[in-house]
Amino acid sequence: MNKNINFNNKTILITGGAGFIGSNLAFYFQKNFPNSKVIVFDSFRSEAVFTNGNLQSLGHYKNLIGFTGEVICGNINNKFDLALLNDYKFDYIFHQAAISDTRIYDQEIIMKTNVNSFYDLLAIAKKDRAVMVYASSAATYGSLPSPQTVGKESPENPYGFSKYIMDQIAIRYSKENPDLTVVGLRFFNVYGPREYYKANTASMVIQLGHQILDGKIPRLFKGSDQIFRDFIYIDDALQAIIKSCNPKQNGIFNVGTGISRSFQDIADILQKELGTDLGTEYFPNPYDDYQMHTQANIITSKNNLGFEPKVSLEQGIKSYIPEILRLHGTDIS
Ligand SMILES: NC(=O)c1ccc[n+]([C@@H]2O[C@H](COP(=O)([O-])OP(=O)(O)OC[C@H]3O[C@@H](n4cnc5c(N)ncnc54)[C@H](O)[C@@H]3O)[C@@H](O)[C@H]2O)c1
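Each value, and the rule that gives it
- Residues numbered from 1 in each chain as written.
- Predicted model: local features only at pLDDT ≥ 70, side-chain atom pairs only at ≥ 80, totals over all residues.
- Heavy atoms only, no water.
- Helix = DSSP H or I, 4+ residues; strand = E, 2+ residues; numbered from the N terminus.
- Buried < 20%, exposed > 50% of the residue type's maximum accessible area, 1.4 Å probe, protein only.
- Areas by Shrake-Rupley, 256 points an atom, 1.4 Å probe, with all protein chains shown as cover.
- Salt bridge = Lys/Arg side-chain N within 4 Å of Asp/Glu carboxyl O.
- Right-handed = clockwise from strand over helix to strand, strands pointing away.
- Pairing = 2+ DSSP bridges.
- Phe/Tyr/Trp six-rings, centres within 6.5 Å; stacked < 30°, edge-to-face > 60°.

**Some points on the overall build of the protein chain**
Stage number 1. In terms of helices and strands, the protein chain carries nine helices and 13 strands.
Stage number 2. Taken along the three principal axes of its C-alpha coordinates, the protein chain extends 55 × 40 × 40 Å.
Stage number 3. Looking at the 333 residues of the protein chain, the share that counts as buried comes to 53%.
Stage number 4. A total accessible area of about 14500 Å² is found for the protein chain, and carbon and sulfur atoms account for 50% of it.

Listed below in structure tokens is the structure:
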């Protein structure tokens, strides 16, 4: 990865650091830059659920077992919690905290959590002159045809809209503060270790993997050989985040492999790796606003960040198998 930046002796804030991407980032710094000072800020999981029964926040302490940095339990919606961050002077802010569940339709809570808090975090970045790298999403594209390209957006759910508005805020902030670094990353479908506690919002890689390990026939939406996604392994997502700390210019960039694969591919690769031949069961897709084909246009990500995805779906799933096996049947609560 990018070893050009020395993060040792730097103070790093990771919001959402108990979640999937954030916790992997925390361990990335711990392993590669042992003298960096990493502060994880996350609301952690409570019992609170949305009306669809899904948990309101998906951060989990088990994602951070072995992490030796600082951990603050706080809500990005709460000014008193955010004030705890005034004790630090950050060099880098990696803003991952969000309602990450695309199937939440309570617009008020999504906009407050994902958008309003962004103003507060940008204010901290400005005060500290910190580099800000934040998570946007491929959901900003809705069902626009592939390849999805920055500059042409059409969000189709409140989550996608919230990320789209964050991007507008970042563009304005960048114009008003041309000497500061702000980069938004539109993650496509990220999969890999430490996503298990996202439960039914975790990637289909682990969900299908566990179905197969249960001895069940993997279940997919009808026509899944024609439903394509740009699936990206966590290591490549981390590479993009790290390279974003030193961009040629500020901006919003896609983080995908540039290659689309079907959900059927995932089931097939998993069965090959797990040595099963269970076939596939299909059921009707209940969603109207379902993306049928995503494939990131990553030309500007390559040119401005030096981002080069390296992991194919086959390689990513292969690397992930030991973790899928380890977690199978373990308590998710
Ligand atoms: N994983 C993906 O495929 C993907 C794709 C596109 C975008 N993203 C974005 O990347 C970021 C990280 O995603 P992830 O997959 O790690 O999701 P995640 O849900 O595992 O992580 C988000 C973290 O934010 C925390 N959080 C939620 N609300 C909070 C609040 N009010 N205050 C403080 N913390 C709060 C959660 O506890 C959780 O730990 C999110 O912003 C998400 O929208 C992820």
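**Overview of the pattern of salt bridges**
Stage number 1. One pass over the structure, following the stated rule, counts 13 salt bridges.
Stage number 2. In this structure, Lys79 and Asp120 form a salt bridge, with 3.0 Å as the shortest nitrogen-oxygen distance. Here Lys79 is found in helix H2 (residues 79-83), whereas its partner Asp120 is found in helix H3 (residues 107-128), with 41 residues between them in sequence.
Stage number 3. In this structure, Arg186 and Glu153 form a salt bridge, with 2.7 Å as the shortest nitrogen-oxygen distance.

**Some points on the side chain of Asn177**
Stage number 1. Here Asn177 shows up in the loop between helix H4 (158-176) and strand S6 (182-187).
Stage number 2. Judged by relative accessible area, which is 7%, Asn177 ranks as buried.

**A look at the pairing of strand S1 (residues 11-15)**
Each regular strand displays side chains that alternate between the two surfaces of the sheet.
Stage number 1. Most of S1 sits inside the fold, with five of its five residues counted as buried.
Stage number 2. Side chains Thr11, Leu13 and Thr15 of S1 all project onto a buried face; the interleaved residues Ile12 and Ile14 project onto the opposite face, where all are buried too.
Stage number 3. For the handedness criterion, the β-α-β arrangement of S1, helix H1 (residues 20-32) and strand S2 (residues 37-42) is classed as right-handed.
Stage number 4. As paired strands, S1 and strand S4 (residues 92-95) are joined by four bridges and run parallel to one another. Of the residues in S4, the one forming a bridge with Leu13 is Ile93.

**Description of the packing of aromatic side chains**
Stage number 1. One pass over the structure, following the stated rule, counts 20 aromatic pairs.
Stage number 2. Consider the rings of Phe118 and Tyr134, whose centres lie 4.6 Å apart with planes at 50°: the pair is tilted. Of the two residues, Phe118 sits in helix H3 while Tyr134 sits in strand S5 (residues 131-137), which places them 16 residues apart along the sequence. By the burial criterion, Phe118 is buried, and Tyr134 matches it.

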